[in-house]
Every structure is written in C-alpha cells, then in structure tokens.
Amino acid sequence: MAEEIDTQQEYVHKKVENIVFGVASPQLIKKMASAKIVTPELYDKEGYPVDGGLMDIRLGVIDPGLRCKTCGSKLKECIGHFGYIELARPVTHIIFVNIILSLLRSTCKECGKILIPKDKIGRCHAKLDKAEAEGELEGRRAAIKNIISGLKTVNKCPYCKARQQKIALEKPTTFVENDKKMSPIEVRTRLEKISDEDIEIFGLKPGYVRPEWMILTVLSIPPVTMRPSITLETGERSEDDLTHKLGDIVRINQRLFENINAGAPEIIIEDLWDLLQYHITTFFDNNVAQLPPARHRSGQPLKTITARIKSKEGRIRHNLAGKRTNFSSRTVISPDPMIELNEVGVPKVVAMKLTMPIRVTEWNLEYLKKFMERGSSKYPGANYLIRPDGKKKKMTDETQEALIEEVAPGYIVERHLMDGDIALFNRQPSLHRMSMMSHKIRVLAGRTFRLNPAVCNPYNADFDGDEMNLHIPQTEEAITEAEVLMQVQTQLISPRYGLSVIGCVQDAISGNYLLTRGAELRRDEAVDLLCRVGVKDFSKLPSKEMINGREIFSCILPDDFNFKGKSRSVDEKGGNEVIIKSGKLVKGVMDRDNLGEGSGLLLRTIHKNYGENKAIKILGKIFKLGIVYLARNGFTAALSDSDLPEPARMKIKDILNKAEDDVNNLINIYHQGKLEIFPGRTAEETLELKILELLNKSRNETGIVVAEHLNKNTGSSVMSDSGSRGGPLNLAQMAACVGQQAMRGKRIEKGYIGRTLSFFKKGDLSSNARGFIRDGYKGGLTPYEFFFGAITGRDSLMDTALRTPKSGYLYRRLANAMQDLKVEYDLTVRDASGRIVQFRYGEDGIDVSKSENGIINIDRIISNVK
Amino acid sequence: MTKEYNKYKGRLPSNVLEEVREKTKGMPEGRVNNILKEVCSEYNKARVEPGESVGLVGAESIGEPGTQMTLNTFHFAGVAEMNVTVGLPRIIEILDGRKKIKTPMMEIFLNKPWSNGKDIRHLALSIKETTMKEIMTDLAVNIVESKIELRLDNAAMKDVGVTPGNVTEALGKQLRGVSIKKKDDLIVIKMKSKEGSVGDVSKVKEKIKDVFVRGVKGITQVLPVKRNDEFIIIAAGSNLRDVLPLKEVDETRTITNDVFETAEVLGVEAARQIIINEVNKVIDTQGLNVDLRHIMLVADTMSFSGDVKGITRYGIVSEKASVLARASFETPIKHIVNAALVGEVDNLNSVVENVMLNQPVPVGTGLPGLVTKVK
C-alpha cells in the first residue's frame with residue numbers, strides 16, 4: 001500500500017501558477033538564510049570549506065562527494081541555499097537610491113508624513129495615476145515632486161509645521177541635507193517614519209516594500225551554486241567574481257566591527273564605512289557612473305549581479321529565454337537531388353551518436369535486443385539503456401551482456417538513428433517558421449548533412465560552406481508534433497504570402513525550360529530519363545519514335561489536372577500562355593513563373609487539388625526531371641555567349657555616342673544658363689536629373705539591342721529567359737554597357753574637389769567623368785570605369801553590413817511585441833491579458849498559409865464547378 | 001437571385017461574397033448555388049484555427065523580408081518629384097511610432113473644378129507656406145532712426161500671387177510695437193518706442209524674415225501632378241488640420257503620411273489605415289510580397305489601445321502585463337526593480353515566461369488541455 005502511494009506521488013506534475021515580486025526585508029533575509037557568514041576565509045588548510053565562510057557547505061555544494069549540510073543532497077541535486085551577513089553599519093542599496101531621494105524630499109523630516117495637505121491628496125490620485133501610466137514609477141514620483149513644489153507650503157510640513165531642508169544626492173550614494181552629510185542611519189530613521197498609507201501614494205505597495213528596507217542592515221549572500229569556483233589544471237581554485245566581491249564585503253565588514261568595538265576614532269570608522277558602501281554598491285552594480293569599477297588583479301572589471309542579468313549575454317536572454325539542448329548535431333551541408341524533399345541525409349557517424357528512445361514492450365523485446373547486441377560501435381545498434389527508475393546505463397563492451405540480460409518491458413533502449421526517424425532541421429538565422437522544419441532521416445555515407453536543393457529556399461541555404469543543425473525529438477508528443485505540424489510538405493505554402501516557398505531553382509528551371517521549349521528525344525531516351533526521375537508508368541508517353549519534351553513533362557502530372565497560366569518567356573510560336581489539359585502540357589513552356597518559388601499558381605494549384613503529400617512528390621519529380629535532363633544534355637555558360645554581331649556592336653556604339661553628345665549638349669545649355677528648371681529644384685539638380693534620365697534611357701536601349709541580337713540558344717540566354725539565374729540586364733552589362741554607377745540616387749560626385757578623380761578636369765560634368773561606364777564587362781573597363789564600379793560595389797557592401805543589425809533589431813522588437821497574440825476559441829485575436837486586438841483575424845478570418853496568395857480563388861472555383 | 005446570396009451572408013466575408021456576386025452575374029441559379037456552396041466550403045477550410053500564433057507569424061512575415069530591403073534613405077520617384085524616405089528606414093520610422101517623421105508628405109485631392117486643372121499652379125502655390133524671406137530682395141537696417149527698410153521682390157511675389165497689401169497686413173499682424181508704412185516698393189518699419197535699443201531693431205529684423213505671409217504652415221514644397229485623369233497636389237510637409245478646411249480641397253480623400261498627425265486630426269482608425277497603407281507602400285516598392293493581414297495585425301497592435309503606440313520599450317512592450325516578458329525585452333533591471341516595489345504578480349499568461357520556466361506555452365498545441373478520467 002505504501003509503495004503504491006509512492007509511485008503515485010512520483011508522477012504529480014506541478015505547474016507554476018504565478019510569480020510574485022517584492023523587496024526582501026531584513027527579517028526575510030534572515031529567515032531565508034541557512035548560514036550566517038562571519039569570516040572572509042574560504043577554505044581551511046585541507047581545502048575544506050570553512051564553517052561561516054563564503055563557501056560554507058550549508059550554502060550548497062559544488063564539490064563532488066560532499067553533501068549539503070542544509071538539505072543533505074549531493075552535487076547537482078542541491079539547488080543551493082542563501083546565507084546572510086550582519087552589516088556593522090547600514091549601507092544604502094544602490095538600485096534604490098533614486099527612490100530614497102524622492103521619498104526623503106517629499107516627506108516631512110520630523111513626522112514622516114507626505115508634504116501634501118490631507119484635503120489635496122484625494123484630488124491628486126487621478127493625476128498621479130496618469131503620470132504612472134505614462135512614465136511608470138519614475139513618472140509618478142516626478143509628479144509628486146511637482147505637486148509639492150507647486151504648493152504654497154513648499155518648505156513647511158502641512159501637518160507638524162516643521163521647516164523642511166533641501167536634500168540633495170551626492171552621487172552615487174550619499175545624501176546631503178543643507179550641505180550636511182546624512183549617514184545611512186539617519187536616512188533609515190527618516191524612512192522608518194513614513195506611514196504605509198503614504199507609501200501607497202508613491203506607488204509602493206505596503207506588505208511588499210518598506211522604505212527602510214532600501215537601506216541594508218543585513219546582506220543576503222547568494223548560494224555557492226550560483227557562484228561556483230572552477231578548479232584549474234594546476235589544482236588551483238579560481239573563484240567566481242561574485243565570491244571575490246563578497247569576500248571584500250565580509251572582510252571590510254569584519255574590520256568595521258572590530259574598529260567599532262575597539263572604539264577607534266570616528267575618521268577610521270567613516271573610512272571603513274565608505275569602503276563597505278563601495279563594495280556593496282559594486283556588488284550590485286559594477287557600472288555605476290561615478291565609481292571606478294572593481295577589478296580583478298589582471299585589471300578586467302568584475303562581472304557582478306547587474307551585469308549577470310542584463311543584455312544579450314545576460315541570464316535572461318541567454319539562459320532563460322534561450323536554452324541549450326541535447327540530442328542535436330551540426331555540420332556542413334551539401335546537396336543531393338536524389339533524396340526526397342522531406343528527407344535529410346545524415347552521416348553514419350552522426351546516426352551512431354544521436355539516439356532515439358524506444359520503450360521496451362513484450363512485442364519488441366527481441367527486436368530491441370538485437371540492437372543491444374550490436375552495441376554502440378556497430379550500426380544500427382544502441383548506446384544506452386534506461387531503467388524504469390530513470391537510471392541511464394551506457395552500453396560498453398563490459399556492460400553489454402549484463403544489460404541484455406537485464407532488459408525487460410518498461411525499460412527504454414536508446415538506439416541509433418535509422419531511416420524514417422523524425423528530425424528537426426534548422427539553419428540560422430531562423431527568420432521564419434520554415435527555417436526549422438522536420439525531415440525524415442536517411443542515413444548516408446559521408447560526413448555532411450544532405451538536403452534536396454529544392455528546400456534551400458525556405459532555409460535560405462547554399463552549399464558554399466553553410467552549416468545546419470539537426471535535432472532529434474525525444475518524446476512521443478514531440479515526435480508527433482514535429483511529424484504533423486513541421487514536416488516539409490506541411491510548410492509548402494508560406495504564411496507570408498500564401499504561395500509555394502518551395503520550388504525549382506537554378507538548373508531545375510533551366511532543365512525544364514529546355515525540355516519543354518521544344519526538345520525532342522528518342523523513345524528510349526525518354527523512358528530512361530523518366531525512369532531516373534522515378535516515374536514507372538509510361539502509358540502516358542505517346543507511341544512514337546520521337547517524343548517531345550512536353551510529353552515527357554506531362555508524365556509527371558496527374559491525369560485529371562487542368563491549369564491555365566502564363567510563362568515569363570515565349571514558346572517557339574511566340575505565345576506565353578501555359579495550358580495544361582487533363583494532365584497534359586498542351587501549350588507553353590515551363591519556367592520560373594510557374595515552377596519557381598513564390599511565383600505563379602501552378603504549384604499552388606497542384607497543392608490545392610492533390611494535397612501536400614502528392615504535391616511534394618510531384619514537385620520532387622519535376623525538380624529531378626530538370627536536373628537529370630540538363631545533366632544528360634550538357635549545359636554551360638561561355639564567354640562567347642555574350643558575343644554580338646558587328647551591326648549590333650555598331651548600333652550600341654551609336655547609341656552611346658549619341659548619349660554622350662546629348663549630355664554634353666545639356667551641360668552646355670546649363671552653362672549658358674538656359675536650362676529649363678524643374679519646379680522646386682535648383683539648376684544643378686535639374687541638370688543632374690536630366691542627365692541621369694538620359695543615360696539610363698540609353699543604357700536600356702543598348703539592353704534592347706543586346707536582347708535582340710544575342711543567340712537564344714546559349715547557356716547564358718537560356719538562364720536569363722527561363723529565369724533560373726540572371727536577367728537581361730546582366731546580359732546587357734556583359735555584352736554592351738554596364739551603365740551609370742549611382743550612389744544615393746545621384747551620379748558619383750565625391751572624391752577630389754570639383755572632380756571625381758584627378759584624371760578629370762575640375763568641374764567636368766560629362767558622363768564618363770561622373771561614373772557612367774560605357775563599356776561592357778566582356779569588352780573590358782577603362783581604369784577609371786573600374787574604379788567607379790568599385791565605389792558602388794563598396795557602397796553596397798556597407799549597405800548590407802549596416803542593414804543586417806538594423807533589420808534584426810526591428811524584427812526582435814516586432815517578435816517581442818506580438819509573440820503572444822493568438823486566435824482565441826471565439827476567433828478573436830487577443831493578447832496575453834485577453835485584450836481584443838482584432839475581432840476577426842485579418843478582417844475575414846482567413847489563414848494566409850491556407851489561402852491562395854492571400855485570397856480565396858473564386859475564379860478557379862467557378863471554372864471547376866459546373 | 002439575391003435570396004441565394006443572402007443565405008450566405010454571415011457565413012462568408014462580405015468582400016468574398018461580393019466578388020462571387022460580381023463574377024457569377026448572369027449564370028443559372030443552380031450553378032450559382034453550387035459555386036456558393038463550394039466557395040463556402042473552401043472558405044471554411046481556409047479559416048484560421050483557434051490557438052494559431054498569428055502574432056508571431058505576422059512578426060516573422062514583416063521581419064524576415066526586412067533583411068532584403070534597401071537602406072537607401074532617399075530616392076527620386078520620377079523626374080521631378082520630391083525626396084521620400086523609403087525602404088527599411090521608413091518601416092522603422094512607422095513602427096517606432098515616431099512623433100516627427102523625416103519626410104512628411106501630403107496628397108491633396110481637389111474638388112471640382114480644381115481637380116480638372118483649373119488654376120492648379122496658382123492653387124498649389126497658395127497652399128505653399130510663403131515667408132517674407134522668399135519675397136524680399138533687400139533688408140536694410142537704419143540704426144540711427146531705428147527703422148528697417150525692406151524691398152519687395154515683385155517677380156517672386158507675382159509667382160506666389162501675393163500683393164504688397166497682403167505683405168503689409170501680414171507684417172502688421174505679426175510684428176508688435178512697430179509702425180509700417182509703404183513707400184513705392186519699399187516697406188518702412190519703424191519702432192514705435194523711442195528708446196528702442198539696437199538689439200530690439202535687429203531682433204525685429206530677424207523676425208521679419210520669418211513672417212508668415214501666405215499659405216499653409218508647414219507645407220514647404222508643392223507639386224501639382226496628374227493622376228488618373230485628375231489633378232492632385234503633392235506637398236512636402238504636412239498640415240492636415242489647416243489643409244482640410246480649404247474649400248478647394250476634397251477632405252474625404254486628402255491624406256498625409258504622418259501617422260501621428262492623422263491620429264490627432266482624424267482619429268486612431270484613420271491612423272491605423274495610414275500605418276497599413278504606408279507599410280504596404282514600402283513593401284510594394286521593394287518588390288516584396290507580404291500579405292496585408294500581417295501588416296493589419298501590426299497596425300492593430302499599435303493602435304488598439306486607443307492611441308498610436310510604437311513597437312518600442314516605451315510603447316507596446318511597456319504595456320505587457322507580465323514582468324518577465326518585459327524584462328526579457330530590454331532594461332530588465334528596471335522592470336524587475338519596479339515590479340518588486342509594487343509587489344507585482346506575474347500570472348505567466350504569455351509565451352516567454354513559460355519558456356523561462358520550462359513550461360508549455362499557451363499558444364498553438366499548448367493551448368488545449370486534456371482531461372482524462374482516471375478510474
């Protein structure tokens with residue numbers, strides 16, 4: 001019976017309901033404490049913690065083998081206990097200095113009442129509450145001060161008529177009344193006189209705070225577990241910063257005690273008192289403006305309590321809001337288009353280190369025993385056995401046999417990862433939820449994580465040395481959640497814009513483009529190609545000797561699929577329509593507008609019609625088809641891709657010559673002062689704008705010439721036309737003219753006085769003196785053109801470097817402000833305290849990730865419904 | 001026909017229903033019915049589920065493309081238009097809830113007949129703020145007689161449509177203790193008090209430069225443009241309160257890009273719409289695709305309390321009920337100390353606090369609880 005109750009109790013889950021904040025009173029500090037610290041010594045000669053020292057084992061244990069004297073538990077079990085020291089003289093708490101100051105200023109020095117007459121207090125409440133809403137407690141105190149200084153009786157207590165003296169704060173911690181220093185003892189007696197009702201006017205809550213608690217008479221000593229010492233290789237002990245600081249405090253405190261008891265002269269006591277004040281101040285905050293920070297012997301400042309909590313590396317953001325995890329792995333990624341989109345290739349070495357916990361039942365006992373027999377060094381084996389009482393046993397050559405003997409239902413075997421296990425895969429920066437998706441594991445040879453290049457997009461990954469993280473969820477709950485909510489196919493549609501985030505990229509687009517643009521293959525080649533892609537049903541292939549690309553592509557589409565859309569490029573007949581009828585690509589070419597990420601409705605429609613699982617399969621096949629076709633066909637970009645025929649080159653030269661002349665003309669007109677000025681602009685600005693417009697226009701003209709004359713069948717053109725990489729602009733820049741280099745929307749003007757480079761004449765406003773690059777990359781740039789290019793290049797690098805932290809901060813603020821908005825069961829959007837932000841999410845209650853580009857596609861429904 | 005549509009009122013959002021009505025015009029009743037049924041089922045499938053963490057998704061959707069935006073502060077939209085803050089700085093400016101924005105702008109729509117282009121240039125200039133320094137050429141101080149002579153620039157005056165009469169009137173109204181006389185194209189300003197010191201005269205001289213002659217205060221630049229068959233005035237600088245009452249101005253469409261001014265003059269709802277429009281404008285010009293719902297949610301979090309609050313530690317975040325949530329954002333020490341002073345209780349209702357305590361968070365799958373009967 002007794003045993004039954006025990007096992008029951010083991011499974012009681014406790015939940016923290018709420019946390020109350022308050023200021024610790026001296027009584028509380030003493031009550032909390034399990035030891036009174038009296039000596040600054042840490043260890044005795046044997047290296048054992050001294051009783052009453054700062055490392056007293058009543059404050060918790062940090063050495064293996066010792067037991068805590070307070071709770072009796074061992075290292076890692078004992079969470080530590082507070083201690084306290086009795087201060088020889090009271091000391092001001094640095095954090096509360098400003099509050100103490102306003103309390104002193106706003107209350108009577110004799111009777112401790114607030115300096116506002118009774119009849120006026122009632123009227124002030126509303127005013128004060130408003131001040132608090134705007135400026136928090138500081139605002140409220142400032143408002144009280146204003147009210148008092150607005151009274152006739154500024155210098156007189158309205159209750160006891162005592163004259164009030166001016167109180168100033170001599171930073172950091174000394175209060176001065178009429179040029180006379182007030183000791184913390186005096187301050188404390190003043191604060192004691194303030195009644196609980198008056199405290200409330202200041203916004204302080206009686207029961208949680210008393211003003212006099214802000215002057216310390218006892219100091220709480222944090223547990224040793226909070227400031228563990230580390231043992232160096234030499235066997236020396238290195239103490240934590242806090243311990244150092246506390247040591248100083250205790251030492252000075254002891255000396256102060258001794259001096260007081262010995263009746264030392266007032267000056268010595270005062271000095272020691274100030275020193276104690278300094279140490280306690282820096283114990284709380286080592287960054288007080290007026291004090292020199294306390295330092296190590298090496299000169300580096302101590303990290304005391306405030307620094308421990310604050311900022312990104314502080315306790316809150318580093319350890320509480322963000323946590324470390326086990327069962328994870330990180331390595332370089334590389335592509336593998338032959339694995340499925342929702343798979344991740346895991347190296348065998350990793351698979352043998354990370355484990356999956358499997359609970360032993362009667363039915364899988366034998367199965368799991370086989371894993372255990374293989375042990376930890378043979379794949380697939382097992383690394384650990386967990387007993388029902390929670391004890392974890394490592395599988396080693398010695399323990400193996402005993403453990404196999406021991407295992408029984410109720411045990412948990414931690415076996416190696418195997419194909420099909422669920423893992424979370426993540427790449428930083430994790431900017432959106434698709435940055436962490438769950439994949440099925442595929443154990444592969446090698447030492448890198450493998451992922452299908454189609455999922456690079458949501459992760460924003462490439463393979464130039466990127467690393468990614470892998471996490472293995474360990475509980476059934478977590479595994480299910482990862483499988484149901486986080487798998488790649490569930491994340492196909494971006495919640496940002498309601499279109500597919502996963503699509504074909506680069507070669508996959510080029511390949512499909514070339515295939516559907518009019519490729520013809522022999523039947524055996526076509527079958528071979530489809531086979532490679534994973535299509536096994538060739539009944540859709542027409543029975544001809546030569547099969548065209550569209551027919552091959554159609555084999556991947558479902559038989560009942562209908563679609564109408566547009567492509568960015570034109571097919572051989574010059575149309576840009578894409579028509580799919582009953583699963584056959586009848587017309588049009590496949591390019592980025594239909595296959596790419598975030599664009600077009602082809603992928604979105606497949607997803608809508610056939611569901612996520614089928615969509616991801618089809619997408620994977622399309623992707624493979626493109627890559628495989630391209631690999632068999634060969635694809636390259638060559639220097640000759642940007643070759644232009646002679647007439648085109650002449651044309652471009654004419655255009656640029658004319659532009660230069662026009663610019664010179666404009667400059668002449670400007671110098672004659674005959675330039676027609678735009679309203680609201682100066683003549684110089686007008687000239688600049690006109691020149692910029694002119695040069696941009698002629699660059700675009702060269703672009704058109706290039707587009708007309710370039711060979712459409714070269715690799716570069718194919719990439720540009722299909723949208724897989726680069727655009728017409730890049731082609732024009734290579735073949736004809738790079739164009740105007742602009743900085744901040746203007747032509748380049750910085751450099752020397754009146755000119756951009758010493759190469760030019762002063763005041764030269766002509767096109768090439770102000771950053772117009774008239775040569776193309778292939779033809780080669782002149783030295784000054786190259787330099788202008790470098791200027792804008794550097795500028796854009798700086799832009800990126802400056803933007804990243806800015807947008808990161810904006811993102812952090814947004815996320816912090818909005819993280820607890822959620823849709824309630826009544827479909828309103830509310831924040832954490834239940835305040836309604838929106839009555840219907842987005843006014844119509846549509847989830848973007850379930851919509852089609854943010855809307856319900858009525859056109860599609862109408863065409864589907866008969 | 002209307003009967004069919006009415007049946008779905010309340011079951012479909014009105015804009016969706018309206019679109020269906022528009023697109024199914026003239027179709028047979030049976031088909032319309034089927035379409036409506038299908039639309040309704042698709043709508044129900046596309047609805048948000050309770051517990052969905054829409055706030056975080058919204059923040060992600062705006063924060064993620066932030067890295068792709070340009071930092072260029074200014075650009076010239078078109079040939080002769082004015083400088084506008086664009087890109088990331090503009091988004092930051094709006095979401096910060098800044099009281100003073102970098103480039104305030106107004107789009108002033110006009111009533112007929114002005115919207116057809118009648119007197120458009122003249123009208124635009126009459127809205128622009130004109131001060132003395134723009135319409136005078138010479139300002140001479142005569143210390144001995146303690147008087148100031150200023151010469152008017154007739155060409156400039158004609159440009160903005162100001163008569164010398166206007167000028168003397170404006171000077172008389174805005175300068176104290178002086179007498180104003182007009183002599184040809186000279187205006188003589190004499191100090192009334194005899195023993196006026198030299199300092200006084202030069203003080204008046206400085207004041208004269210800034211005397212406001214005509215137009216609307218704060219409008220520094222005007223530009224009439226034609227947009228969709230009508231003329232509108234784009235103005236740099238913003239003063240909604242003074243522009244709206246003008247009889248030429250269509251007060252139902254005239255807007256400013258200043259969120260705070262809109263909130264003051266037209267109320268929070270209008271300010272919310274301005275936030276949405278302005279953020280959307282920036283995102284659109286950058287060629288990014290972000291659903292309007294996310295922007296709406298941000299605008300709503302900024303404005304649902306009744307006035308516009310920025311997404312900063314002084315704005316929205318300071319309103320949070322949870323001490324730990326506030327502390328995890330910025331200035332943790334301040335929040336913890338203040339919480340201790342008032343004996344604040346953190347009820348652990350939102351996300352971060354529960355993360356801190358290793359407890360399930362109350363959004364998404366953490367929201368429902370399972371109750372099992374134990375025998």
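Numbers given for residues are sequential positions, taken from 1 along each chain in its written order. Chain labels run from A onward and ligand labels from 1 onward, assigned in the order the entries are written. This being a predicted model, a pLDDT of at least 70 is required before a residue's local features are given, and a value of 80 or more before pairs of side-chain atoms are given or counted; all residues contribute to the totals for chains, interfaces and linings.

### Here's the deal with the confidence of the model for chain A
To keep things clear, this is the line we draw: A score between 0 and 100, pLDDT records how confident the predictor is in each residue. Strands here are runs of E lasting at least two residues and helices are runs of H or I lasting at least four, both read from the DSSP assignment and numbered beginning at the N terminus.
Across chain A, the average pLDDT comes to 87, with 98% of residues at or above 70. The element-level mean pLDDT for chain A is lowest in helix H1 (residues 2-10) of chain A, coming to 47, with strand E18 (residues 467-471) of chain A highest at 96.

### A short note on the sheet that holds strand E12 (residues 382-386) of chain A
Residues and elements named next belong to chain A. The condition that has to hold: Here, strands pair whenever DSSP counts at least two bridges between them. Lines are fitted to the C-alpha atoms to define the axes, a helix being fitted only along its stretch in contact, and any angle between axes, read from their N-to-C directions, falls within 0 to 180 degrees. Here, residue contact means that the backbone-derived C-beta atoms of the two residues sit within 7 Å.
With respect to topology, 4 strands assemble into an open sheet ordered E11-E14-E12-E13, the strand pairing being antiparallel. Each edge of the open sheet carries a strand with a single partner, namely strand E11 (355-359) and strand E13 (392-394). Looking at each pair of strands side by side, their axes are set apart by 25° on average, direction ignored. On the sheet, helix H12 (residues 365-374) packs against E11, E12 and strand E14 (412-416) and is oriented at approximately 55° with respect to E14.

### Focus on the nonpolar core
For clarity, the threshold we go by: What we call a nonpolar core is a set of buried Ala, Val, Leu, Ile, Met, Phe, Trp, Tyr and Cys residues whose membership is set by joining through C-beta atoms within 7 Å. We call a residue exposed when 12 or fewer other C-beta atoms sit within 10 Å of its C-beta, buried when the count reaches 20 or more, and partly exposed for counts in between; the C-beta positions come from the backbone.
By size, the foremost hydrophobic cluster in this structure holds 136 residues, and its most contacted members are Ile552, Leu619 and Leu814 of chain A together with Ile108, Ile127 and Ala235 of chain B. With 13 residues, helix H20 (residues 602-633) of chain A is the largest single contributor of residues to this core. In this structure, Ala235 of chain B is in contact with Met105, Met106, Ile108, Ile127, Ile219, Gln221 and Val222 of chain B, ignoring residues within four places of it in sequence. Within the second largest apolar cluster, 74 residues are counted, among which are Ile62, Ile85, Leu87 and Ile116 of chain A.

### Details of the packing of helix H5 (residues 87-96) of chain B against helix H13 (residues 268-285) of chain B
All names here are of chain B. As a reminder of what qualifies: Each angle gets one of four labels, with under 35 degrees taken as roughly parallel, over 145 as roughly antiparallel, 65 to 115 as roughly perpendicular, and the rest as oblique. By the definition used in this description, the sense in which the near helix is turned from the far one sets the handedness, with an anticlockwise turn below a right angle giving left-handed and a clockwise turn giving right-handed.
Relative to each other, H5 and H13 sit at 165°, their axes nearing to 9 Å. The angle between H5 and H13 falls in the class roughly antiparallel. As H5 packs across H13, the resulting crossing turns out to be left-handed. Contacts from Gly87, Arg90, Ile91 and Ile94 of H5 reach H13 at Ile275, Glu278, Val279 and Val282.

### Points about the pairing of strand E11 (residues 230-236) of chain B
All names here are of chain B. The pairing of strand E3 (residues 105-108) with E11 spans 4 bridges and is antiparallel. In the sheet register, Ile108 faces E11, and the bridge partner there is Ile233. As consecutive antiparallel partners, strand E10 (residues 221-227) and E11 are separated by 2 residues, and within that stretch Asn228 has a phi angle of approximately 45°, a positive value.

### Structural notes on the interface of chain B and chain A
Bring the parts together and some accessible area is lost; that lost area is often taken as the interface size. Our working definition: The classification used treats Ala, Val, Leu, Ile, Met, Phe, Trp, Tyr, Cys and Pro as nonpolar, Asp, Glu, Lys and Arg as charged, and all other residues, Gly among them, as polar.
Listed as interface residues are 96 residues of chain B and, on the opposing side, 85 residues of chain A. Among the elements that take part in the side of chain B that touches chain A, helix H4 (residues 54-66) of chain B stands out by supplying 12 residues, more than any other. When the residues that make up the side of chain B that touches chain A are grouped by side-chain class, the tally is 54 nonpolar, 26 polar and 16 charged. Here 2 bridges tie strand E1 (residues 19-20) of chain A to strand E13 (residues 345-346) of chain B, and the two strands are oriented antiparallel to one another. The residue of E13 of chain B that forms the bridge with Ile19 of chain A is Asp346 of chain B.

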